[in-house]
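As a plain string of letters, each chain reads:
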Amino acid sequence: MNKLMKTVSMSLVLVMLTLMSVACAQKDSGAGTGAAEPAKKNVTLDFVWFSDGNEGEIMKGIIKDYEAKNTHVKINMIDVAYKDLSTKLKTMISGGQPPALARISTTELGAFSNQAIDLSESNGGLEPFTSQFIDALKPYYVINNKAVAAPMDVTANGLFYNKTLFDKAGIKVPASPEEVWTWDEFSAAMKQVMEKGGAKYGLVWDYTPHRWSTLLYQFGGSMMSADGTKATINNEAGVKAAEYFKKLHDDGLMPKSVWMGGENPNNLFRTGTVGAHWAGNWMIGNYKDVTNFEWGVTYMPKGTQRSSVPGGKFAMAFQKSGVEKEAVDFINYISTKEINSKFNQEALFLSPRKDSAKLDYAFGKEMMELFSNELNNTAPAAAEDWSKQTIVPKFSNDLKTTLTEIIAGKTSAKDGLDKIATLIDKAIGDAKK
């Protein structure tokens, strides 16, 4: 019996030694449950970047946090002036060394869409990806049914007003979207701000076709058909919008010195002698230092409908960079609610995410929320028009000049817009060749 027990004991020892040997081998090879993952290859992502304000420093902080969590990734920010962005990207791509990433505006989306990675492929498809962001931006970054970039921030046109002058005139601005003025009601309010509030002018308006087009969409018009096949700027709605714009000048509510003389509307509003400024949400930060009067943001008036005009900045990942997966992973990271909210909150930008319309801004929180409301009530035609960046640059300067001629009475609204429609149709035809 003792001999048998001895034999069994020896067998158990041999089995234990064998199991220990196998476990050690698995540990050495990294196999088995709980084994460490193989080390990831170290990569560097070139990120071409331009800044309008302090957002570059904010992004550097976000990158630092990302690199700490992803030690195999280093992100190299290449700062360029916005005016040099397109040239820089073209040079890198044509030289066979595209960057991993770039921050771009609406102008560059179409120009580089063929070189962009479709971000929807790693995000469950186009609908799950685009559903994160406000609908008004979709025509900009969805090209040929591909998500060629991710929205980083969004801009909107809106209305700044001089609270001090409005209070003096006894004018209360709309307190909710349900109380939005019609254009005639707004014009009447501006007259009172001048007559009773002592304003020199009721309104100044940025000298750009982009800002003017807000009125076009509010009157139910558009520059082009939704499918981009023909000009529509000279239809009844477009003509009415141009005529009303001229009327605002003829009635003395707007100074002709801005659209006909190049005077800066920002400077005029800062004097405290102008009732309101038709501008973009970025002016919230610009007017932060104004202390000689109280100012705020109110709802824009409506024509047949409410509308703003969306714009913004986007992050694009490029094909053939050699680090495509890592580039997409980083864009997905900065597109999350947490990181995108941090970026926009600290930069005083509007978030493009549907779930980040209300952020805890250090300044201008309620004003930002009002701009978000304007975006959520924007006509689809606004983004459909301005997303066609192979077409728009070919007539936008002529549109600005023509609007000036309409204001000056050198041409009628119909004749002027007929001329622009001809240019638009030509640009559409040229783009098809």
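Just so we're clear, the structure is a prediction, and the values are computed from it rather than from any experiment.

(A) Structural context of the overall build of the chain. Helices and strands together make up the secondary structure of the chain, namely 19 helices and 11 strands. At 29 Å, the chain has a C-alpha radius of gyration far larger than the 22 Å of a compact globule built from 433 residues. Projected onto its principal axes, the C-alpha positions of the chain cover 120 × 55 × 35 Å. Contacts in the chain between residues far apart in sequence, at least 24 positions, make up 74% of those at least 6 positions apart. Accessible area of the chain: about 20400 Å², with a carbon and sulfur share of 51%. In the chain, which carries 49 positive and 49 negative side-chain charges, the distance between the mean positions of the two groups comes to 3 Å.

(B) View of helix H9 (residues 209-218). Among the 10 residues in H9, 10 count as buried, and that is most of the element. Along H9, the residues classified as buried are Pro 209, His 210, Arg 211, Trp 212, Ser 213, Thr 214, Leu 215, Leu 216, Tyr 217 and Gln 218. In the segment just after H9, Gly 220 is the residue with positive phi, at about 85°.

(C) Structural detail: the nonpolar core. Met 59, Tyr 141, Phe 160, Trp 205, Trp 212, Ile 233 and Phe 330 are the most contacted members of the largest nonpolar core, which has 142 residues in total. Excluding residues that lie within four positions of it along the chain, Phe 330 makes contacts with Leu 45, Phe 47, Met 59, Ile 63, Tyr 66, Ile 75 and Leu 101.

(D) The arrangement of the side chain of Lys 388 in detail. Residue position: Lys 388 is located in the loop between helix H17 (380-386) and helix H18 (396-408). The buried charged residue Lys 388 lacks any salt bridge, with Asp 385 as its nearest oppositely charged partner at 5.2 Å. Ignoring any residue separated from it by four or fewer positions in sequence, one finds Lys 388 in contact with Met 224, Ser 225, Ala 226, Asp 227, Gly 228 and Pro 393.

(E) Inspection of the environment of Thr 411 at higher detail. Counting through the fold element by element, Thr 411 comes out in the loop between H18 and helix H19 (413-432). Thr 411 sits 68 residues away from Phe 343 along the chain, and the two C-alpha atoms are 46 Å apart. Here Thr 411 is in contact with Thr 402, Glu 405, Ile 406 and Gly 416, once residues within four sequence places are set aside.

(F) Representation of the packing of aromatic side chains within the structure. Evaluation of the coordinates by the stated rule reveals 32 aromatic pairs. Ring geometry for Tyr 66 against Phe 330: centres 4.9 Å apart, planes inclined by 75°, an arrangement best described as edge-to-face. Taken together, the residues span a long stretch of sequence, with Tyr 66 in helix H2 (residues 55-69) and Phe 330 in helix H14 (residues 324-334) at a distance of 264 residues. The exposure class of Phe 330 is buried, given its relative accessible area of 0%. Ring geometry for Trp 181 and Phe 186: centres 6.0 Å apart, planes at 45°, overall tilted. Judged on exposure class, the residue Trp 181 and its partner Phe 186 are both buried. Among the aromatic residues, those joined into a ring-pair cluster are Trp 181, Trp 183, Phe 186, Trp 205, Tyr 207, Phe 219, Tyr 244, Phe 245, Trp 259 and Trp 278. Its guanidinium or amino end placed over the ring of Trp 49, Arg 103 lies 4.7 Å from that ring's centre, counting from NZ or CZ. Its end group placed over the ring of Tyr 207, Lys 400 keeps NZ or CZ at 4.7 Å from the ring centre.

(G) Layout of the pattern of salt bridges. All chains considered together, the criterion is met by 20 salt bridges. The salt bridge involving Arg 353 is made with Asp 355; its shortest N-O contact spans 2.9 Å. Since its relative accessible area comes to 9%, Arg 353 is described here as buried. Its salt-bridge partner being Lys 365, residue Glu 369 comes within 2.9 Å of it at the nearest N-O pair.

(H) A look at the pairing of strand E7 (residues 157-162). Among the 6 residues that make up E7, 6 are buried, leaving the element largely enclosed by the rest of the structure. Neither face of E7 is exposed, since Asn 157, Leu 159 and Tyr 161 on one face and Gly 158, Phe 160 and Asn 162 on the opposite face are all buried. Here E7 runs beside strand E9 (residues 274-280); their pairing, made up of 5 bridges, is antiparallel. The partner of Tyr 161 across the bridge, within E9, is Ala 276. With 4 bridges joining them, E7 and strand E10 (residues 295-298) adopt antiparallel strand pairing. Paired with Tyr 161 across the strands is Gly 296, a residue of E10.

Basis of the calculations
Residues numbered from 1 in each chain as written. Predicted model: local features only at pLDDT ≥ 70, side-chain atom pairs only at ≥ 80, totals over all residues. Heavy atoms only, no water. Helix = DSSP H or I, 4+ residues; strand = E, 2+ residues; numbered from the N terminus. Rg over C-alpha atoms; globule rule 2.2 N^0.38 Å. Contact = heavy atoms within 4.5 Å. Areas by Shrake-Rupley, 256 points an atom, 1.4 Å probe, with all protein chains shown as cover. Lys, Arg positive; Asp, Glu negative; His and termini not counted. Charge placed at Lys NZ, Arg CZ, Asp CG, Glu CD. Buried < 20%, exposed > 50% of the residue type's maximum accessible area, 1.4 Å probe, protein only. Core = buried A, V, L, I, M, F, W, Y, C linked by side-chain atoms within 4.5 Å. Salt bridge = Lys/Arg side-chain N within 4 Å of Asp/Glu carboxyl O. Phe/Tyr/Trp six-rings, centres within 6.5 Å; stacked < 30°, edge-to-face > 60°. Lys NZ or Arg CZ within 6 Å of the ring centre and 35° of its normal. Pairing = 2+ DSSP bridges.

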